[in-house]
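Structural overview
Given next are the chains, with one letter for each unit.
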Amino acid sequence: MDTYSTLVAAALQVLEQEGQAQFSTRAVCTLANVTAPTLYHHFGNADGLLSAAIAKAFEQFLAGKKAAIQSPDAVVALGQGWDNYVSFAARRPRLYAAMMARFLQGADLPAARQAQEMLGQRIAAIAAQGRLAIPPEAAVHVAWASANAAALLYVTAAAQAPGQQRPPGAAVVASLRDNAIQSICT
C-alpha cells in the first residue's frame, strides 16, 4: 500500500475508534508509521486528511450498498438498501457520524451523491410500477430520514459512556424500516 493510502486507512481507523472530536494527526502518523511532514506533504493539513478519509468512507459505503441490493423487485430493493445503510452505521457509528457531519456541511462527496441518486432511482422504479403512495420527492425524504433516524440510534449509543445506553433492538430498527416503506408504497 502506498503512503497516501496508508495514511487514509490510518485516518479511518482513528475515526472509527475515537470519533471526529478526538481525531488527531499524531495518532494517524503513529498508526501509519510516518512523520507529520509526510502527512502534510500528502494532505496539506488535518482537514485535507479528514476530507480524503471521509471520501474513502463514502466510497466503501457505496460499494457495500451496490453489493447489498440484490432484488429485482424495487420495493424489496428499497428495504435492502435501507438495511445496508443502517447496518453501516451500526458497524461503524463514529465513522458514520463523521461522514454525516461532512455531508451536512456541504462537502463535495461524489459517492454520497451517487448513493442519493440510487435512492432516487429506486423510488422512480417503484413509481414506474404504480406502487408509490406519496409523491417521489416525499418518498425519498421518508426513506432517507427514517434510515438516518435508525442510524442515529447507533451513533447515540456509541457516544454514551459504557453501560449508559444500548444500541436499539432489531425490532425497533425493523419497525422504523417497515413503517417507512409502508408509508412510501401502496
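Refer to the preceding data block for the structure.
Before going into details, it helps to say that this report is about the structure given with it. Note that the structure is predicted; figures quoted are calculated from it, not measured.

What counts, and at which threshold
Residues numbered from 1 in each chain as written. Predicted model: local features only at pLDDT ≥ 70, side-chain atom pairs only at ≥ 80, totals over all residues. Heavy atoms only, no water. Helix = DSSP H or I, 4+ residues; strand = E, 2+ residues; numbered from the N terminus. Buried < 20%, exposed > 50% of the residue type's maximum accessible area, 1.4 Å probe, protein only. Contact = heavy atoms within 4.5 Å. Areas by Shrake-Rupley, 256 points an atom, 1.4 Å probe, with all protein chains shown as cover. Lys, Arg positive; Asp, Glu negative; His and termini not counted. Charge placed at Lys NZ, Arg CZ, Asp CG, Glu CD. Expected span 1.5 Å × (residues − 1). Polar contact = N/O pair within 3.5 Å; in protein donor to acceptor, adjacent residues only side chain to side chain.

On to the overall build of the protein chain, then. Tallying secondary structure elements over the protein chain gives 9 helices and 0 strands in all. Traced from its N-terminal end to its C-terminal end, the protein chain shows the element sequence α-α-α-α-α-α-α-α-α. Projected onto its principal axes, the C-alpha positions of the protein chain cover 60 × 35 × 25 Å. The buried share among the 186 residues of the protein chain stands at 40%. Across the protein chain, contacts joining residues at least 24 apart in sequence account for 69% of those joining residues at least 6 apart. If you sum the accessible surface of the protein chain, you get close to 9,600 Å²; carbon and sulfur atoms cover 55% of it. The average position of the 13 basic charges and that of the 11 acidic charges among the side chains of the protein chain differ by 4 Å.

Here we take up helix H5 (residues 74-91). In this model, H5 (18 residues) spans 25 Å end to end at C-alpha, consistent with the 26 Å of a helix rising 1.5 Å per residue. Restricting attention to buried positions, one finds in H5 the residues Ala74, Val75, Ala77, Leu78, Gly79, Gly81, Trp82, Asn84, Tyr85, Val86, Phe88 and Ala89. Its buried side turned inward, H5 meets helix H4 (46-68), helix H6 (93-104), helix H7 (110-128), helix H8 (136-159) and helix H9 (170-184). Between the side-chain oxygen at the start of H5 and the backbone nitrogen of Val75 there is a gap of 2.9 Å, and the oxygen is on Asp73.

Moving on, we come to the side chain of Arg177. Assignment of secondary structure puts Arg177 in helix H9. Among the residues examined, Arg177 registers a relative accessible area of 19% and is labelled buried. When sequence neighbours within four positions are dropped, the list of residues in contact with Arg177 reads Gly79, Trp82 and Asp83.

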